[in-house]
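# Topology and contacts: notes
Residues per chain are reported as follows:
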Amino acid sequence: MPELRVALVGFGLAGSVFHAPLIAAEPRMRLDVVVTSSAERAEQAKRQHPGVRVIATVEELFADPFGIDLVVIATPNRSHASLALQAIEAGISVVVDKPFAVTSAEAEQVIAAADRRRVVLSVFQNRRWDGDFLTVRNLIAKGRLGEVQRFESRMERWRPVGKGGWRELGGAADGAGYLYDLGSHLVDQALVLFGPVTDVYCERDRRRAGVNADDDAFLALTHDSGVRSHLWMSAVAAQIGPRFRVLGSESAFVIYGLDPQEADLRAGRRPGEGNPWGTVEPDSWGELGAEGDTGPIPTEPGDYPAFYRAMADALIDGTPVPVDPHDAVETLRVLERGVSSAQR
């Protein structure tokens, strides 16, 4: 079996919780190198992934990238495009964490460079493999809702006191704030389900003291198809709304809670360790139907490992990448339109 050697740039939340465990879970991949300047994170990487080589700078990585098949960029948003370009110029395939870049223009430059160098490029939109999203997608595909009229999607939290860090204290050049952080997921999911957007309305607010970036945002999208998507992302929701509420001409689907995969990864659980992965207990299933006549719908198992499984297929067999980077450009364009039209 081929073994793809992977270099992971960044070992913060994204690198250590999402990418490293999922790379390790793919039998055709080996986490070979971690790049981090933090001594604490370096020790964490060595402890969690025995045999991994840890280096402090990307300059060291790209000075001698021999044998590396894939570079994964899991650094702060403002560095995504520049690091991806360095990897591409070194002739190495790349996965970039979301958001793909801070601007759509940067993202298009990265795609052009990948095309020119003929390297494989994808973007880590892992929430395409959330179980609740897979359930919604399946219900729509089977016509269980009739004609979808409105799609409501929320990623809300109750964090009344800021935690600091660049996501809260940074500015536009950093891609800081909830609109770019959580909005990257919500917009991507809406585009996957309903396609291109004609109109964008946005509200962005800073609700908490000492926070510089938006921590409470709303997007209303009108799709070419006529479907309206209403997307909420917030750090200050003292009561959490439904994760999805999808209204159709024949029925509606409502589901609460978050896909369990992130919580499992944060807790140190790993795919393939013997327990079912990404499953949801019946008391957390959503309800399908119309007023007075609804019933539970089993939640599809979530499958974050599918991303690197498909990425390995793309690198070894030349199949399509798990997320087309052009899709991520469209997500950025929607977010940019939101920023330019934002009501505060």
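Look a little higher up for the structure.
Here's what I pulled together on the structure shown here. (Residues numbered from 1 in each chain as written. Predicted model: local features only at pLDDT ≥ 70, side-chain atom pairs only at ≥ 80, totals over all residues. Heavy atoms only, no water.)

## A few points about the overall build of the chain
Along its length, the chain carries 12 helices and 14 strands. Scaling as 2.2 N^0.38, a compact globule of 344 residues should have a C-alpha radius of gyration of about 20 Å, and the chain matches this with 20 Å. In terms of overall dimensions, the chain has a C-alpha envelope of 65 × 45 × 40 Å along the principal axes. Across the 344 residues in the chain, those meeting the buried criterion constitute 54%. Contacts spanning at least 24 positions in sequence make up 71% of the contacts within the chain whose residues lie at least 6 apart. (Helix = DSSP H or I, 4+ residues; strand = E, 2+ residues; numbered from the N terminus. Rg over C-alpha atoms; globule rule 2.2 N^0.38 Å. Buried < 20%, exposed > 50% of the residue type's maximum accessible area, 1.4 Å probe, protein only. Contact = heavy atoms within 4.5 Å.)

## Thoughts on the sheet that holds strand S4 (residues 70–73)
The parallel open sheet is built from 6 strands, whose spatial order is S3-S2-S1-S4-S5-S6. Looking at strand neighbours, the two that pair on one side only are strand S3 (53–55) and strand S6 (121–124), the edges of this open sheet. The average undirected angle you get between the axes of adjacent strands in this sheet is 25°. Bridge analysis of strand S5 (residues 93–97) against S6 gives 4 bridges, and the strand direction is parallel. By the bridge assignment for S6, Val96 is matched with Val123. (Pairing = 2+ DSSP bridges. Axes fitted to C-alpha atoms, helices over the stretch in contact; angles between N-to-C directions.)

## Comments concerning the packing of aromatic side chains
On inspection of all chains with the given rule, the structure shows 9 aromatic pairs. With centroids separated by 5.0 Å and ring planes inclined at 80°, the aromatic side chains of Phe307 and Tyr308 adopt a geometry described as edge-to-face. Across this residue pair, the class does not change: Phe307 and Tyr308 are buried. Through pairs of rings, three or more aromatic residues link up here, namely Phe124, Trp129, Phe307 and Tyr308. Geometry around Trp232 places Arg154 over its ring, the cationic atom sitting 3.9 Å from the centre. The lysine or arginine in question, Arg243, covers the ring of Phe244, its NZ or CZ lying 4.1 Å from the ring centre. (Phe/Tyr/Trp six-rings, centres within 6.5 Å; stacked < 30°, edge-to-face > 60°. Lys NZ or Arg CZ within 6 Å of the ring centre and 35° of its normal.)

## So, helix H9 (residues 183–194)
For H9, spanning 12 residues, the distance from its first C-alpha to its last is 16 Å, which sits close to the expected 16 Å at 1.5 Å a residue. Those residues of H9 that fall on the buried side of the exposure criterion are Gly183, Ser184, His185, Leu186, Val187, Asp188, Gln189, Ala190, Leu191, Leu193 and Phe194. Gly195 lies just past H9 and shows a positive phi near 80°. (Expected span 1.5 Å × (residues − 1).)

## A word on the sheet that holds strand S12 (residues 252–255)
Read across the open sheet, the 8 strands follow the order S8-S9-S10-S7-S11-S12-S13-S14; overall the sheet is mixed. With partners counted over all chains shown, the strands left at the sheet margins are strand S8 (197–205) and strand S14 (293–297), one partner each. Each strand of the sheet is rotated relative to its neighbour by a mean of 15°, with strand direction disregarded. Note that S12 and strand S13 (residues 286–290) share 3 bridges and pair antiparallel. Bridged to Val254 within S13 is Glu287. Against the sheet, H9 contacts strand S7 (148–156), S8, strand S9 (216–223), strand S10 (228–234) and strand S11 (244–248), and its axis sits at roughly 160° relative to S7. This element, helix H12 (residues 325–341), spans S8 and S9 of the sheet and lies at about 55° to S8.

## Describing helix H1 (residues 13–25)
Between the first and last C-alpha of H1 there are 18 Å, a value that for 13 residues agrees with the 18 Å anticipated at 1.5 Å per step. Of all the bends in H1, the greatest, near 35°, is centred on His19, and the proline Pro21 appears no more than four residues after it. For H1, the buried fraction is high: 10 of the 13 residues fall into the buried class. The complete set of buried residues in H1 reads Ala14, Gly15, Ser16, Val17, Phe18, His19, Ala20, Pro21, Leu22 and Ile23. (Bend = angle between axes of the 7 residues up to and from the residue.)

## A word on the environment of Arg167
For Arg167, the position within the fold is in helix H7 (residues 166–169). C-alpha of Arg167 to C-alpha of Phe194: the two residues are 27 residues apart in sequence and 29 Å apart in space. Those residues in contact with Arg167, other than ones at most four positions away along the chain, are Ala176, Gly177, Asp181 and Ala213.

## Description of the pairing of S7
As a general feature of sheets, a regular strand has side chains that alternate between the two faces. With 7 of 9 residues buried, S7 lies mostly within the body of the structure. Note that S7 and S11 share 5 bridges and pair antiparallel. Along S11, the bridge assignment pairs Arg150 with Leu247. Inspection of the sheet shows S7 paired to S10 by 7 bridges, in the parallel sense. Looking across to S10, one finds that Ser153 is bridged to Leu231.

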